[in-house]
Amino acid sequence: MAGYSIRVFGDPVLKQRAKDVTEIDGALVGVVNTMVETMYEAAGVGLAAPQVGVQKRMFTYDVGEGPQVIFNPEVAEAEGEWTYEEGCLSIPGFHFEIVRPNLVTITGIDIDGNPTTLQGEELLGRVFLHELDHLDGVLMLDRLDPDERKRALRELRDVDLNAAARERVADVRQL
Ligand code: NI
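The following paragraphs examine the structure supplied in this document. Quick caveat, the model's predicted, so the values are computed rather than measured. Every chain's residues receive numbers from 1 upward, in the order its sequence appears when written. Reporting of local features is limited, given that this is a predicted model, to residues whose pLDDT is at least 70; pairs of side-chain atoms are given and counted only at 80 or more, and all residues count toward the totals for whole chains, interfaces and linings. No hydrogens and no water enter the side-chain calculation; it runs on all heavy atoms of the structure.

Considerations on the sheet that holds strand S1 (residues 46-48)
Overall, antiparallel pairing links the five strands, which are arranged S1-S2-S3-S6-S7 in an open sheet. On the outer flanks of this sheet lie S1 and strand S7 (115-121), each paired with one strand and no other. The mean inter-strand angle of the sheet, taken between neighbouring strand axes irrespective of direction, is 40 degrees. The contact criterion used is simple: two residues touch if any of their non-hydrogen atoms lie within 4.5 Å. Only the contacting stretch of a helix is used when fitting its axis, a line to C-alpha atoms as for every element, and angles between N-to-C directions run 0 to 180 degrees. To qualify as a helix, a DSSP run of H or I must reach at least 4 residues; to qualify as a strand, a run of E must reach at least 2; elements of each kind are numbered from the N terminus. Against the sheet, helix H2 (residues 123-135) engages S1, strand S2 (58-61), strand S3 (68-79), strand S6 (103-109) and S7, with an angle of about 120 degrees to S7. Here, any two strands with at least 2 DSSP bridges between them count as paired.

Details of the side chain of Asp 62
Within the secondary structure, Asp 62 sits in the loop between S2 and S3. Partly exposed residues are those whose accessible area sits between 20% and 50% of the maximum for their type, while under 20% is buried and over 50% is exposed, using a 1.4 Å probe and protein chains only. Overall, Asp 62 belongs to the buried group, its relative accessible area being 13%. Any pair of N or O atoms that falls within 3.5 Å is considered a polar contact. Within protein, one atom must be able to donate a hydrogen and the other to accept it, and sequence-neighbouring residues count only if both atoms are side-chain atoms. Among the polar contacts made by the side chain of Asp 62, one reaches the main-chain amide nitrogen of Gly 66 at a distance of 3.1 Å. In contact with Asp 62, other than residues within four places in its own chain, are Met 39, Tyr 40, Val 45 and Pro 67.

Points about the coordination of the nickel ion
Protein coordination of the nickel ion is provided by Cys 88 (SG), His 130 (NE2), His 134 (NE2) and Leu 175 (O), with donor distances spanning 2.1 to 2.3 Å. Only nitrogen, oxygen and sulfur atoms count as donors, using a 2.8 Å cut-off from the metal that widens to 3.2 Å for Na, K and Ca. Water is left out, so coordination shells may look unfilled. Note on geometry labels: four donors, all angles 85 to 135 degrees, give tetrahedral; four donors become square planar and six octahedral when opposite donors are over 155 degrees apart and every other angle is between 65 and 115; remaining cases are irregular. Here the nickel ion is ringed by four donor atoms whose angles at the metal span 91 to 142 degrees, and the overall shape comes out irregular. All donors of the nickel ion come from a single chain, and their spacing in sequence reads C-x41-H-x3-H-x40-L. Residue His 130 and its partner His 134 are both found in helix H2; the two are separated by four residues, about one turn of the helix.

Details of the pairing of S3
Relative to S3, S2 runs antiparallel, the two being bridged by four bridges. Residue pairing in the sheet places Phe 59 in a bridge with Ile 70 of S3. Across six bridges, the pairing between S3 and S6 is antiparallel. Opposite Glu 77, over in S6, you have Thr 105 as the bridge partner.

Some words on the pattern of salt bridges
Any carboxyl oxygen of Asp or Glu within 4 Å of a side-chain nitrogen of Lys or Arg constitutes a salt bridge here. This model, assessed by the stated rule, comprises 10 salt bridges. Ionic pairing is found between Asp 11 and Arg 7, a salt bridge with its closest N-O pair at 3.1 Å. Residue Asp 20 is joined to Arg 57 by a salt bridge in which the shortest nitrogen-to-oxygen separation is 4.0 Å. With Asp 20 in the segment before helix H1 (26-41) and Arg 57 in the loop between S1 and S2, the pair connects residues that are 37 residues apart, well separated along the chain. Relative accessible area serves as the criterion here: at 51%, Asp 20 is assigned to the exposed category. Relative accessible area serves as the criterion here: at 5%, Arg 57 is assigned to the buried category. Counted as one network, the salt bridges with shared partners bring together Glu 86, Arg 100, Arg 126, Asp 133 and Arg 143.

Here you go:
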């Protein structure tokens, strides 16, 4: 069974704010399962719904403890600082050193519809913040300083990201 195709930089869906999830029904669980499959196919550690064209506030992730999903996530607390070479499934082949908080607490709704609180440090905290950005239409490019961003956008103009996505290499963890 094939997963979704991942939308790449330039697709307007990546710049829009996703809408709250109001009901977790069988159809939505099906979307979640296909997202997990898509994430694994692309060797990603996190995938937000807008990246597969679904305008809902939810993301899947797996940093080595099995697939997880959270609906309507919000940051409750973020502390410290951690520098990490970040990649994104929607910007294949590109990675940038980005400073973000180290210890991140988020709240949201779990697959059973219950409120949940999750805490992530280092990579997991990074996944939470990166995917939350996707739900707000924010890409890692928007986290760069203006010069670096300009340089990255110039480079991106000359790259066929869809081709890069087909030739994906799992050298950097993509979120
Ligand atoms: Ni991403």
